[in-house]
Protein chains: 2
Amino acid sequence: MNKKDPLLEAFIQTKYQVAGHGKRQIQLLKDAFQEVDGELGSDIYGRGKVIEDFQDKMAAYLGKESAVFFPSGTMAQQIALRIWCDKKGIKKVAYHPLCHLEIHEEDGLKELHHIEPVLLADESRVIELQDVISMEEEIACLLLELPQREIGGQLPEYETLEQISSYCREKGIKLHLDGARLLEIVPYYQKTAAEICSLFDSVYVSVYKGIGGIAGAILAGDRDFTEQSKVWKRRHGGDLISLYPYIISANYYFDQHSHKMGQYYENAKELAELFNSCEGVSTKPLQPVSNMFHVHFHASREKIEPILIEIYEETSIGLTSYLRESSDVDCSYEVSIGDQYAALPIEKVKRVFKLLDEKMGNQL
Amino acid sequence: MNKKDPLLEAFIQTKYQVAGHGKRQIQLLKDAFQEVDGELGSDIYGRGKVIEDFQDKMAAYLGKESAVFFPSGTMAQQIALRIWCDKKGIKKVAYHPLCHLEIHEEDGLKELHHIEPVLLADESRVIELQDVISMEEEIACLLLELPQREIGGQLPEYETLEQISSYCREKGIKLHLDGARLLEIVPYYQKTAAEICSLFDSVYVSVYKGIGGIAGAILAGDRDFTEQSKVWKRRHGGDLISLYPYIISANYYFDQHSHKMGQYYENAKELAELFNSCEGVSTKPLQPVSNMFHVHFHASREKIEPILIEIYEETSIGLTSYLRESSDVDCSYEVSIGDQYAALPIEKVKRVFKLLDEKMGNQL
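Residues numbered from 1 in each chain as written. Chains lettered and ligands numbered in written order. Predicted model: local features only at pLDDT ≥ 70, side-chain atom pairs only at ≥ 80, totals over all residues. Heavy atoms only, no water.

- Per an unreviewed UniProt entry, chain A goes by the name Threonine aldolase family protein and belongs to Paenisporosarcina macmurdoensis.
- As stated in UniProt under Sequence similarities (unreviewed entry), the record for chain A gives "Belongs to the threonine aldolase family."
- Quoted straight from UniProt, the Cofactor (unreviewed entry) entry for chain A says "pyridoxal 5'-phosphate". (UniProt positions renumbered as here; feature names shortened; annotations may be inferred.)

Okay, here's the thing in structure tokens:
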């Protein structure tokens, strides 16, 4: 951490933080293991009660035949796409231009798997049925990320998903769900996770976003698919002798957080409204469809930083530790609501937004 | 675990086990975290005090400029070889026919990196200087595994290592050390880990063999090499948001076990002698050069299993949970000495080998 980052320093000093479940500290692991019997045996290279029980639980939750625990979503998703490409004999897939595989993985998909992506839609919106229909290239698999994180967590209409799913099945295109934040969209769609997943051939879910675990991912699909994924997991170096530190914490926090996604969603809508009521501030999307959204300040980062620092110091409420510069007249950050929101003192929150509105007004 | 495996069942019932540090149970993690401050922050994608401190400690121990923590050796070693291949523009490496990459990784090196291996020496012995000199193919990198695990943990003479290292440097061949069990050979060579590593351009060390951690690996070399390895770590899906469960336990057990390798080595020699004193039993190598060796029984597995079960039941000392069938007249298993050996009651050990000698004599 950069000691000379004043926004980060001021954020660390705050008593309350608006987003997330809490600090990423070792205590997270200690709490998860507190009640676990020390004599419980480790999983061994993907086998054993600890890993099999959690995989079965997640397969059932996602309505899939089988699920495999992976150390990371990066690994799980590359492997899913590779399996579908090999099956069809075509090394081409389609996804959004801001897909995790395109911008956060050092081009692993291309460098390790030699799979070429076709970018659908543009950076400002989600993939629609028409984007899929009008694609000229033949692809093995289409990846949809729900919600589309890099644009604030936007979603297509559920009907669109159904139409894309039908179209892909008809055309022999596999449909893969980047469901890093799948649990978080269940309240908006008012569908079960299994209902949403039934539209997809394969599904990845992160265990450390809304679920709140330490690290790791689940990849689910039919048994033939997951069995192949285990071979690739070993090739990638992900078939660790023991994955239980991640599995036990994933299971512990799944039980704590999975039923609270509706609350986080309501909190997110409430908070977005507070931001949108301030001069020179808006959220993307305007009304959240999950626990997440982006906050945009319509001024440069160097103008906004001192405003936020003043607010943190006066209220001891931290909004964000960073600002991303989108342009000379815009900076932004990401919010994902977790357990901390419900613990905020309401009077202080009101004060935060009164100050923000005033200071932004003076600024602009 | 197969409930119908009588040898495994009998082994589980024993009070004492001869090899290893102890059972792979959750308690291992609980112990490592017992004294750790819960407020300590997680590493975040390869950064932060927890990961940086341990990497620095291991770099110093190995005498290398820099070290990177990986989730697995499988991942670390493929990446090391890939970096050296890319640097030279030749996708060929050389290693032993029983190299981990050749027999335990589902061909990840070939499937993900399209690197072709040249197999040196034969399955019964280690790689010697002459094998390297007489190689016709041009390679980017030679991998040496010390000790050569699949043949009981054998080692070349130290002088041979020095000669191979000089030859490789002269010919522009990178030398990579599969040092999964590097700490375990330090007592035999009577060199420091850093002295051994100085012969190599890159080094991998496992943190859950002799060190006794939960999972994970260290890859070390010069900074340019390790920086490239971080890019590939991300591509492989190994750049987890939090690796601390493995790092903190690796550090804890490194401090507990790294100074005991001499003791394990002496124990291994003593134990091998006991086996070799029994009729129809021999070890490979005859005299261990580390904490490990293989035990060969000169009879079929179905004849040996009941003998071992009787011994376990009478003495409550477990030798092994499994037997590998090498032929109709030979079966074997692997021993790696850890903390448990020193806790064995000496009278019972004597009784084990008296019984084994008698029963093998009756058998043959």
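1. Considering the UniProt feature "domain: Aromatic amino acid beta-eliminating lyase/threonine aldolase" (unreviewed entry) in chain A
And then number 1: As recorded in UniProt, the sites labelled "domain: Aromatic amino acid beta-eliminating lyase/threonine aldolase" (unreviewed entry) are residues 39–296 of chain A.
And then number 2: For residues 39–296 of chain A, helix accounts for 43% and strand for 16%, while the C-alpha atoms at its two ends are 50 Å apart. (Helix = DSSP H or I, 4+ residues; strand = E, 2+ residues; numbered from the N terminus.)

2. Considering the packing of aromatic side chains
And then number 1: Taken as a whole and assessed by the stated rule, the structure comprises 29 aromatic pairs over all chains.
And then number 2: Between the aromatic rings of Phe275 of chain A and Tyr333 of chain A, the centroid separation amounts to 6.4 Å while the plane-to-plane angle is 75 degrees, which identifies the pairing as edge-to-face. Taken together, the positions of Phe275 of chain A in helix α13 (residues 261–276) and Tyr333 of chain A in strand β13 (residues 330–336) put the pair 58 residues apart, joining distant regions of the chain.
And then number 3: Through a chain of ring-to-ring contacts, three or more aromatic side chains come together here, namely Phe275, Phe293, Phe297, Tyr322, Tyr333 and Phe353 of chain A.
And then number 4: Sitting above the plane of the Trp232 of chain A ring, Arg235 of chain A keeps its charged end 4.3 Å from the centroid.
And then number 5: For the cation-ring pair, Lys233 of chain B lies above Phe70 of chain B, with the distance from its terminal atom to the ring centre recorded as 5.6 Å. (Phe/Tyr/Trp six-rings, centres within 6.5 Å; stacked < 30°, edge-to-face > 60°. Lys NZ or Arg CZ within 6 Å of the ring centre and 35° of its normal.)

3. Thoughts on the nonpolar core
And then number 1: In this structure, Leu142, Phe297 and Leu356 of chain A together with Leu142, Phe297 and Leu356 of chain B are the most contacted members of the largest nonpolar core, which totals 199 residues.
And then number 2: When near neighbours in sequence (up to four residues on either side) are disregarded, Leu142 of chain A contacts Ala94, Leu120, Ile127, Val132, Ile164, Cys168, Ile173, Lys174, Leu175 and His176 of chain A.
And then number 3: The next biggest cluster of nonpolar side chains, apart from the first, holds 52 residues, and it includes Leu81 and Tyr95 of chain A together with Cys85 and Leu101 of chain B. (Core = buried A, V, L, I, M, F, W, Y, C linked by side-chain atoms within 4.5 Å. Buried < 20%, exposed > 50% of the residue type's maximum accessible area, 1.4 Å probe, protein only. Contact = heavy atoms within 4.5 Å.)

4. Considering the relation of the copies chain B and chain A
And then number 1: With an RMSD of 0.1 Å, chain B superimposes on chain A once it is rotated by 180 degrees and translated 0.0 Å along the axis. Taken together, the turn and the small shift mark the pair as related by a two-fold rotation axis. Taking C-alpha positions as reference, the residue of chain B nearest the rotation axis is Leu112 of chain B, located at 2.5 Å.
And then number 2: An overlap of 100% is found between the interface residues of chain B and their copies at the interface of chain A, pointing to a shared contact surface. (Least-squares fit on C-alpha atoms with pLDDT ≥ 70 in both.)

5. Side note on empty space enclosed by the protein
And then number 1: The final tally for this structure, using the stated rule, is 2 cavities of 30 Å³ or more.
And then number 2: By volume, the largest cavity amounts to about 60 Å³.
And then number 3: Listing elements by their share of the lining of the largest cavity, those giving two or more residues are β5 (141–145) and α8 (158–171) of chain B.
And then number 4: Partitioned by chemical class, the residues of the lining of the largest cavity number 7 nonpolar, 1 polar and 1 charged.
And then number 5: Val126, Ile127, Leu144, Glu145, Leu146, Gln148, Pro156, Leu161 and Ile164 of chain A together form the lining of the second largest cavity.
And then number 6: When residues of the lining of the second largest cavity are traced back to their parent elements, those giving at least two are β5 (141–145) and α8 (158–171) of chain A.
And then number 7: Class assignment of the residues belonging to the lining of the second largest cavity gives a composition of 7 nonpolar, 1 polar and 1 charged. (1 Å grid on protein atoms, 1.4 Å probe; cavity = no way out; pocket = protein on both sides within 12 Å on 5 of 7 lines; lining within 4 Å. Points joined across faces, edges and corners; volume = space filled by probe spheres on them. Nonpolar A, V, L, I, M, F, W, Y, C, P; charged D, E, K, R; others polar.)

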